Amino acid sequence: MKFLKKLVLSAFFVSSLLATSANAGDCKARLGDFDWSSANIHTAITTFILEKGYGCEVSVTKGSTTPIMAAHYDGQLDVITEVWYDNIIANYEPHEAAGTIKNIGVNTPDSQQAFYVDKTTADKYNLKSVEDMKDPKIAALFKDPENPSKGRMTSCISGWTCYTVNLVKQKEYGLDAFYTNFDPGSGGALDAAIAGAFAKKKPIFTYYWAPTGLMGKVDLVRLTEPKFVKKCWDDMSVVVEKIKAEGPEAYTKSCACEYRDMALTKSVLTKWAAAHPAETKFLSEYSIPTATVNKMLAFYEDESDGDMELTAKEYLKSETAWTSWVPADVAKKVKAAL
């Protein structure tokens with residue numbers, strides 16, 4: 001009888017282990033990541049917590065805005081940890097309204113996008129707004145070596161929606177008569193163009209954004225534009241999406257205004273969220289102040305030797321706010337993995 005009891009208990013113990021193992025494998029998360037560093041940090045931190053704290057099998061697909069978001073809308077990517085909502089509103093809203101995806105709250109409370117000029121040049125020539133840039137003598141300061149008849153405005157990457165937004169803005173503001181909308185090719189190349197201009201003490205006219213590590217290292221002056229008006233932005237977004245689908249010749253006159261300083265958000269597939277309530281609750285709670293993101297970006301650039309996983313670990317070791325996003329047992333597992 002004792003032997004049979006032990007046998008039953010052993011069988012129960014083995015079946016419990018198998019059930020635990022099966023449940024651990026039930027969580028599979030397909031994360032969409034982008035080709036800029038702030039998004040990479042959020043993806044790295046999220047991946048570590050999902051893997052070590054929740055036992056998820058995580059895969060990460062990295063690319064530019066348009067293909068990554070298209071894959072998300074199409075149900076191929078479960079989670080996007082950094083969404084620049086205003087930039088993609090025309091595409092995002094229909095899928096959100098259809099119930100395919102849902103916004104799960106703020107990732108970073110405030111961010112900026114704008115046109116900038118280095119402070120030395122801005123001060124010397126009293127450059128304060130985009131209107132001040134519409135002068136052949138000013139444009140000549142930023143001569144484009146590939147098109148010397150115009151100045152160069154270093155822009156977004158062509159795979160990012162902001163590249164097309166900037167293209168439309170240039171046309172609406174009349175800047176296209178004086179400047180090219182230069183695609184630097186990658187986020188790293190954009191940073192290098194800005195940092196290189198400062199190192200050589202040369203003028204630069206550029207699009208840029210925050211949070212970034214570079215913003216704490218260079219002195220850029222934000223040029224004023226027409227104030228943000230939602231209808232204007234919405235009208236412009238329709239033209240932007242048409243150009244993205246059909247090419248620059250699809251441009252039609254609309255409107256343009258400044259980028260709105262906005263909170264960055266997170267997005268999940270609705271079906272994935274329903275199947276993973278605990279993990280979705282964590283993702284909903286996830287939010288990091290802009291100043292902290294900047295600090296981690298500086299660590300990534302200056303101390304981690306370009307290691308994003310090491311940067312994620314540094315955040316989890318040096319900050320405590322993240323423990324409030326997850327249950328105590330999950331936090332304990334994450335700390336043990338560090």
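Note that the structure is predicted; figures quoted are calculated from it, not measured. (Residues numbered from 1 in each chain as written. Predicted model: local features only at pLDDT ≥ 70, side-chain atom pairs only at ≥ 80, totals over all residues. Heavy atoms only, no water.)

## Overview of the nonpolar core
Nonpolar side chains tend to gather and get buried jointly when the protein is soluble and globular.
Part 1: Grouped together as the largest cluster of nonpolar side chains are 99 residues, with contacts concentrated most on Ile-49, Met-133 and Phe-205.
Part 2: Excluding anything up to four places from it in sequence, Met-133 contacts Val-117, Leu-127, Ile-138, Phe-142, Leu-175, Tyr-179, Phe-205 and Leu-223. (Core = buried A, V, L, I, M, F, W, Y, C linked by side-chain atoms within 4.5 Å. Buried < 20%, exposed > 50% of the residue type's maximum accessible area, 1.4 Å probe, protein only. Contact = heavy atoms within 4.5 Å.)

## Describing the side chain of Thr-290
Part 1: On the secondary structure map, Thr-290 appears in helix α12 (residues 290-302).
Part 2: Look past the residues within four positions of Thr-290 in its chain and what remains in contact with it is Thr-108, Pro-109, Asp-110 and Pro-211. (Helix = DSSP H or I, 4+ residues; strand = E, 2+ residues; numbered from the N terminus.)

## A short note on the environment of Ile-41
Part 1: Tracing the backbone shows Ile-41 in helix α2 (residues 37-54).
Part 2: Judged by its relative accessible area of 3%, Ile-41 falls in the buried class.
Part 3: It is 35 Å that separates the C-alpha atoms of Ile-41 and Lys-143, two residues lying 102 residues apart in sequence.
Part 4: Those residues in contact with Ile-41, other than ones at most four positions away along the chain, are Val-293, Met-296, Leu-297, Met-308 and Thr-311.

## Remarks on the confidence of the model for the chain
Part 1: Here the chain shows a mean pLDDT of 91. Residues at 70 or above account for 93%.
Part 2: Within the model, the stretch residues 1-24 combines pLDDT values under 50 with 1 contact to residues more than four positions away or in other chains. (pLDDT = per-residue confidence, 0-100.)

## Quick notes on helix α3 (residues 65-73)
Part 1: Those residues of α3 not exposed but buried are Thr-65, Ile-68, Met-69, Ala-71, His-72 and Tyr-73.
Part 2: The first or second residue beyond α3 is Gly-75, which carries a positive phi of 85°.

## So, the pattern of salt bridges
Where charged atoms from two side chains of opposite charge come close, those side chains can pair.
Part 1: Scanning the entire structure with this criterion turns up 17 salt bridges.
Part 2: The residue Glu-301 makes a salt bridge to Lys-217 at a minimum N-O spacing of 2.9 Å. Pair noted here: Glu-301 is in helix α12 and Lys-217 is in the loop between β8 (205-210) and β9 (220-222), with a separation of 84 residues, a long-range link.
Part 3: Residue classification places Lys-217 among the partly exposed residues on the basis of a relative accessible area of 44%.
Part 4: A salt bridge links Asp-234 to Lys-230; the shortest N-O distance between them is 2.7 Å. (Salt bridge = Lys/Arg side-chain N within 4 Å of Asp/Glu carboxyl O.)

## Description of the packing of aromatic side chains
Part 1: Throughout the structure, instances matching the rule amount to 18 aromatic pairs.
Part 2: Relative to Phe-282, the ring of Tyr-54 lies with its centre 5.8 Å away and its plane at 25°, an arrangement referred to as stacked. On the criterion of sequence distance, the pair formed by Tyr-54 in helix α2 and Phe-282 in helix α11 (residues 277-285) is long-range, its members being 228 residues apart. In terms of burial, Tyr-54 and Phe-282 fall into one category: buried. (Phe/Tyr/Trp six-rings, centres within 6.5 Å; stacked < 30°, edge-to-face > 60°.)

## Side note on unusual backbone geometry
Part 1: A cis amide bond links Ala-210 with the next residue in sequence, Pro-211, at an omega value of 15°.
Part 2: Positive phi outside glycine occurs at Lys-201, with the angle close to 55°.

## Things to note about α11
Part 1: Every buried residue of α11 is listed here: Glu-279, Thr-280, Phe-282 and Leu-283. All buried residues of α11 fall inside an arc of 155° around its axis, so they share one side. Relative to its buried face, α11 has exposed residues pointing more than 90 degrees away, namely Pro-277 and Lys-281.
Part 2: Each element contacted by the buried residues of α11 is listed here: α2, β3 (79-83), β4 (101-118), β10 (262-269) and α10 (270-275). (Arc of directions from axis to C-beta.)

## What about the packing of helix α4 (residues 85-98) against helix α9 (residues 230-246)?
Part 1: Running from N to C, α4 and α9 cross one another at 70°; their axes reach a closest spacing of 9 Å. Between α4 and α9, the interaxial angle falls into the category roughly perpendicular. For α4 against α9, the interelement crossing comes out right-handed. Contacts from Asp-86, Asn-87, Ile-89, Ala-90 and Asn-91 in α4 reach Trp-233, Asp-234, Ser-237, Glu-241 and Lys-244 in α9.
Part 2: Grouping the amino acids of the contact of α4 with α9 by side-chain chemistry returns 3 nonpolar, 3 polar and 4 charged. (Axes fitted to C-alpha atoms, helices over the stretch in contact; angles between N-to-C directions. Parallel < 35°, antiparallel > 145°, perpendicular 65-115°, else oblique. Left-handed = near helix turned anticlockwise from the far one by under 90°. Nonpolar A, V, L, I, M, F, W, Y, C, P; charged D, E, K, R; others polar.)

## With respect to the packing of α12 against helix α13 (residues 308-318)
Part 1: Viewed as axis vectors pointing N to C, α12 and α13 meet at an angle of 135°, and their least axial separation amounts to 9 Å. With respect to α13, the axis of α12 lies oblique. Both α12 and α13 take part in a crossing whose hand is right-handed. Taking contact as the criterion, the partners of Thr-292, Met-296, Phe-299 and Tyr-300 in α12 are, on α13, Met-308, Leu-310, Thr-311, Glu-314 and Tyr-315.
Part 2: Of the residues that constitute the contact of α12 with α13, the class distribution is 6 nonpolar, 2 polar and 1 charged.

## Some words on the environment of Lys-332
Part 1: For Lys-332, the location among the structural elements is in helix α14 (residues 328-337).
Part 2: Among the residues examined, Lys-332 registers a relative accessible area of 64% and is labelled exposed.
Part 3: With 59 residues separating them in the primary sequence, Lys-332 and Ala-273 have C-alpha atoms 24 Å apart.

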